Amino acid sequence: MGKEKKSPKIELDGDQPPDTELDYKKRETWGSRFDFLLACIGFSVGLGNVWRFPYLCYKNGGGAFLIPYLICVIVGGIPLFYLEVAVGQFMGVAGINAWNLCPIFRGIGLSTLIIVFFLNCYYNVILAWAFRYFFASFTSKLPWTDCDPDWATEHCSKFDPASDNRCNYTHANNVIETGAKFNGSCISKTDADTRNITVYLSAAYNATEEAIGYKVEPVTEYWENKVLAISDGIHDMGPVKWDLVLCLLFAWIVVYLCICKGIKSSGKVMYVTATSPYIFMLVLLIRNSLLDGAKEGIIYYLQPDFSKMKDTQVWVDAGTQIFFSYSISLGALTALGSYNKFHHNSYRDAIIFACANSGTSIFAGFIIFSILGHMSVVQGKDIADVAEAGPGLAFIAYPKALTLLPGAPFWSIMFFLMVILLGLDSQFVGVEGVVTAVVDQFPGFLRKGHRREVFIGCVCILQFLVGLPMVCPGGMYVFQLFDYYSGSRIILFVAAFMCVAVAWCYGIRRFYDNLEMMYGWRINPYMAICWTVLSPIFCMVIFVLSTISYSELDYKRPKGVYEYPQWAVAIGWTMAAFAAVWIPIGWLYHIIRYGSSWETFQLAFKPLGLRDYQLRSQDKGERSLADLNRPNGYISDGHGVPATKSESTPAYKTALDNKGGMDNPTFVPSEQPTFTRL
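Calculation notes
- Residues numbered from 1 in each chain as written.
- Predicted model: local features only at pLDDT ≥ 70, side-chain atom pairs only at ≥ 80, totals over all residues.
- Heavy atoms only, no water.
- Helix = DSSP H or I, 4+ residues; strand = E, 2+ residues; numbered from the N terminus.
- Buried < 20%, exposed > 50% of the residue type's maximum accessible area, 1.4 Å probe, protein only.
- Contact = heavy atoms within 4.5 Å.
- Areas by Shrake-Rupley, 256 points an atom, 1.4 Å probe, with all protein chains shown as cover.
- Phe/Tyr/Trp six-rings, centres within 6.5 Å; stacked < 30°, edge-to-face > 60°.
- Disulfide = S-S within 2.5 Å.
- Pairing = 2+ DSSP bridges.
- Polar contact = N/O pair within 3.5 Å; in protein donor to acceptor, adjacent residues only side chain to side chain.
- Axes fitted to C-alpha atoms, helices over the stretch in contact; angles between N-to-C directions.
- Nonpolar A, V, L, I, M, F, W, Y, C, P; charged D, E, K, R; others polar.
- Parallel < 35°, antiparallel > 145°, perpendicular 65-115°, else oblique.
- Left-handed = near helix turned anticlockwise from the far one by under 90°.
- pLDDT = per-residue confidence, 0-100.
- Salt bridge = Lys/Arg side-chain N within 4 Å of Asp/Glu carboxyl O.

**Remarks on the overall build of the chain**
Counting its regular elements, the chain contains 26 helices and five strands. For the chain, with 678 residues in total, the buried portion stands at 57%. Contacts spanning at least 24 positions in sequence make up 78% of the contacts within the chain whose residues lie at least 6 apart. A total accessible area of about 28,500 Å² is found for the chain, and carbon and sulfur atoms account for 62% of it.

What follows is the structure, encoded as C-alpha cells:
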C-alpha cells in the first residue's frame, strides 16, 4: 500500500458541510485594512457624484438642497450602506448565499445580482465614450472647437458674431433663407455652394416668420454626429460604430486585467484609481477658480433658496441621489464586505466612507459651477441655461468649457482621464460583485485551477455583447432605457426588503449580538432604529413619491424631444420587473421545495449554514431548513452536520483554529457571553 494522500487545508464557504476531499482554492480576503475602504470609495464615488449631484443642487435650491440631502444621508445612506457591508462580512459570502441569513429572502441576492449586471452593461459604455474623447484630445486643437464639414450640419454655429458668416438672403418671391456673407453682401446658399463657402444653417421660411431655424454648437454636433452618429429613434439602430466598439472592447479589457487575479490584486489597483481622481479634481478646481465668472458660478451653486424645500420633488431627488452615489441595493457592497476578516471594523469604515462620498459630491460642485460661471460670462447667458446633468455635462458642457481655456487639449486630457479613473474602479467592483456572487454559489467548481479567471472573462464578454447595441447609431436610446428603468426605482424596493429581512425577520437584537461578536464591542443603537423603522419608511416614501411623479422616458435633443414608443417603454418595465420579481419568487420556491406547514414557515426565517463562530451560545442546536425530515433528537451544529457530545470541537474546526487565533474568522472564545440586550 502506498502513502495515504493528505488533503490540503481549506477554508469552508457558504452552507457547504466539512469535506476533506474538497481541493478548491480558499476564499481570499483583503490584503490590508485600507483595501476595503478604498474599494468602497472607488466603487461608490463615481460619475454620479460629478455629473448628477451639482446639477440637482442648483436645480433644487442651491445650498438649501444640502439640508434634505444630509438628512437622507443620515436616515438612509449610512445605515443602508453599513447594513449591506455588515451582512457580507458576517456571512463571509456574497449573492444568494449571503441571504441564508434569512432564507425566505434569498431572492434579494438574485435581484441585486441582476441589477448590478444591467448596470455593468451600460456603465462601461460611458467609459467607452470617455476613452473616445480622451484619444481625440491628443491634438493641437480640440476637434469640437469649430464646425467641421465632415460631421457638422447646416444648423451648426459657434454663436460668435465675429466668425458667423450667416445672413438672411431674400429671394424674389419674398422667401427668406440663410445665406452667406461674401465681400460685404449676402449671397444665397446656392451661390455660396458654387463659391465653396460653407453655410452651417439653412432653412426656408415665409417672410412673415421671425425664426430662421435652430442653432447648435459645434460641441453638441460633434457629440451627436461624430461620436454617436445618432439616429432618429430606437427603431433605427443602424450598424455598429467601430470606433466606439474598439473603445468599449478596450474598456472591458482594462476591467478584466484589473480583477482577473483576484481581490488582492484589484485592491492594489484601487490605490491608484480611487485616489488619483482627487488630484485631477484639485488641479481642475484651481484652474477653474482663476477664470472670469468662477465666483458667480459658485455663488449660484450654493445660494440657498429655502422655498424649494416645500417641493416633494426636492426630497425625491435627494433620496434617489443617495442610492445612486452610495451604490445601495446593487449587491457589490455585500461582496466587498464578504472579503473582510471577521473582526474587521467596518463600522468605522462606513462612517469614513460617508464623509468621503458626500464630501466628494459637494467638492465636485465647485469644479463644475466654477467653469459654468465662466461659460455664462463668455456666452452672455444665464448659468441656468448652460448647466446640464448626466452625459450632457461630461460630454457637452464641460468639453465646450475646455475649448475656452488656453492649452485646451491638455486640460481635456486631464478631465477625461479623471472621468475614466472615476468610472473604472466603479466598473470593476461592479463586475466583481457579479463574479463573487456566482463563484460563492458554486465554489467547488469555479475555484479550481484557473476556472475563476476564465469565468471572469466569460462575464466580461457577455456584458460586452449586451453593450454592443449601445454603440450603434440608435445606441443612446438603448442606453437611456437601461439607465431609466433597470436601476432606478427598483433599488428602493429591494433596500426596503433588506431592512425587513435583517431587522424584523432575522432579528435586530440577534444581528446586534453578531456585530458585537465581530467587533468585540456594541455599536450605537441608532443603527437599530434606522434598520427597523426609519430606513424602511425612507425607502418606501421615496419609492411612492417617485412613482407618483413618474413620467415616461423621453430624450431631449436640439431639434426636439424624442418620445419613446410604447413597445420600448414595455421593454424598460420588463427589465425593472425582472430584477424585482425574484424576491416573491423566492417565497414561492420555499413553499414548493419545503412545503407549506407552520414548521417550514418558521424555519424559513431561521439562518441556514452558520458556523460555530457565527452562533451565540443560545443559538447552538437551533433547527434550520437543512434539518427537516431528520430525527427529533437530532442536534445540528449550524450547517447540517450532527454534533455529538464526544466531539465538542470538530476536527476541521481544530485545524482551522490552528491557523491564527483572533486573526482567523473561525476563532471562538472559550466562553461566549449570552447576548440579550440591544
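**Focus on the packing of aromatic side chains**
Ring pairs (aromatic) are described by centroid distance and by the angle formed between their planes. Evaluated as defined, the whole model comprises 57 aromatic pairs. Their ring planes at 85° and their centres at 5.9 Å tell us that F118 and F482 sit as a pair that is edge-to-face. Of this pair, F118 sits in helix α5 (residues 107–136) while F482 sits in helix α20 (residues 475–486); the two residues are 364 residues apart in sequence, bridging distant segments of the chain. Classification of F118 by relative accessible area gives buried; the value is 12%. The interplanar angle of 85° and the centroid separation of 5.6 Å between the aromatic rings of Y301 and F366 together place this pair among those described as edge-to-face. Of this pair, Y301 sits in helix α11 (residues 294–302) while F366 sits in helix α14 (residues 346–379), and the two are 65 residues apart along the sequence. When its relative accessible area of 24% is taken as the criterion, F366 is described as partly exposed.

**As for unusual backbone geometry**
If you check the backbone angles, A229 has positive phi at about 50° while not being a glycine. Among the structural elements, A229 can be located in the loop between α7 (218–228) and α8 (242–259). Of the residues examined, A229 reaches a relative accessible area of 27% and is grouped as partly exposed. With phi around 70°, S329 is a residue other than glycine that occupies positive phi space. With respect to the helices and strands, the residue S329 is situated in the loop between α12 (312–326) and α13 (332–338).

**With respect to the state of the cysteines**
According to the stated counting rule, one finds one disulfide in the structure shown. For C147, the disulfide goes to C156, at an S-S distance of 2.0 Å. The disulfide joining C147 to C156 has a torsion of about -85° about its S-S bond and is therefore left-handed. Cysteine C499 remains unbridged, with the sulfur of C539 as its closest cysteine sulfur at 5.4 Å. For C499, a relative accessible area of 1% puts it in the buried group.

**Some words on the pairing of strand β5 (residues 560–563)**
Remark: a regular strand shows side chains that alternate across the two faces of the sheet. In this sheet, β5 lies alongside strand β4 (residues 554–557) in antiparallel orientation, the contact comprising four bridges. When the sheet's bridge partners are listed, R557 is paired in β5 with G560. Between β4 and β5, which follow one another and run antiparallel, lie two residues.

**So, the environment of K341**
Its location among the elements puts K341 in the loop between α13 and α14. Here the alpha-carbon distance between K341 and R33, two residues 308 residues apart in the chain, equals 9.0 Å.

**Looking at the side chain of S44**
Mapped onto the elements, S44 comes out in helix α1 (residues 33–44). A polar contact of 3.2 Å, which involves the side chain of S44, links it to the side chain of S327. Other than its neighbours up to four places away in sequence, S44 contacts N49, S325, Y326, S327, L333, F353 and N357.

**Overview of the packing of α5 against helix α23 (residues 566–580)**
Here α5 crosses α23 at 145°, and the two axes come no closer than 7 Å. In this structure, α5 uses S111, I114, I115 and F118 to contact α23, whose residues at the interface are M575, F578, A579 and A580. Per-class residue counts for the contact of α5 with α23 are seven nonpolar, one polar and no charged.

**Here we look at the environment of L228**
Residue position: L228 is located in helix α7. According to the relative accessible area criterion, L228 is buried, its value standing at 3%. Residues L228 and V471 lie 243 residues apart in sequence; the distance between their C-alpha atoms is 7.3 Å. Sequence-distant contacts of L228, that is, excluding residues within four places in its chain, are made with W129, W223, K241, C472, P473 and M476.

**Overview of the packing of α8 against helix α19 (residues 451–467)**
Direction vectors running N to C along α8 and α19 enclose 155°, while the axes themselves pass 10 Å from each other. Regarding the angle of α8 to α19, the classification is roughly antiparallel. Crossing handedness for the pair α8 and α19: right-handed. Counting all contacts with α8, which are made through V245, L248, L249, W252, Y256 and I259, the residues of α19 involved are R452, E453, I456, G457, C460, Q463, F464 and G467. Tallied by class, residues from the contact of α8 with α19 come to nine nonpolar, three polar and two charged.

**Observations regarding the confidence of the model for the chain**
Chain-level pLDDT for the chain is 81 on average; 83% of the residues reach the 70-or-more range. Segment residues 1–22 is flagged for pLDDT under 50; beyond a separation of four residues in sequence, or across chains, it makes 36 contacts in the model. Long-range and interchain partners of residues 633–678, a stretch whose pLDDT sits below 50, account for 81 contacts in this model, where long-range means more than four residues apart.

**Focus: the pattern of salt bridges**
Per the stated rule, a full pass over the model turns up 17 salt bridges. With its nearest N and O atoms 3.3 Å apart, the salt bridge here joins D349 to R348. According to the relative accessible area criterion, D349 is buried, its value standing at 3%. Residue R348 is classed as partly exposed on the basis of its relative accessible area of 33%. The salt bridge partner of R616 is D619, with a shortest N-O separation of 2.7 Å. In this structure D619 comes out as buried when scored by relative accessible area, which is 4%. Each of the salt bridges in this network shares a partner with another, and the network as a whole consists of R510, D513, E516, R522, K606, R616, D619 and E622.

**Overview of the side chain of T145**
Along the chain, T145 falls in the loop between α5 and β1 (166–170). A distance of 2.7 Å separates the side chain of T145 from the backbone oxygen of L142, its partner in a polar contact. Dropping the residues within four chain positions of it, T145 is found in contact with K158, P218 and T403.

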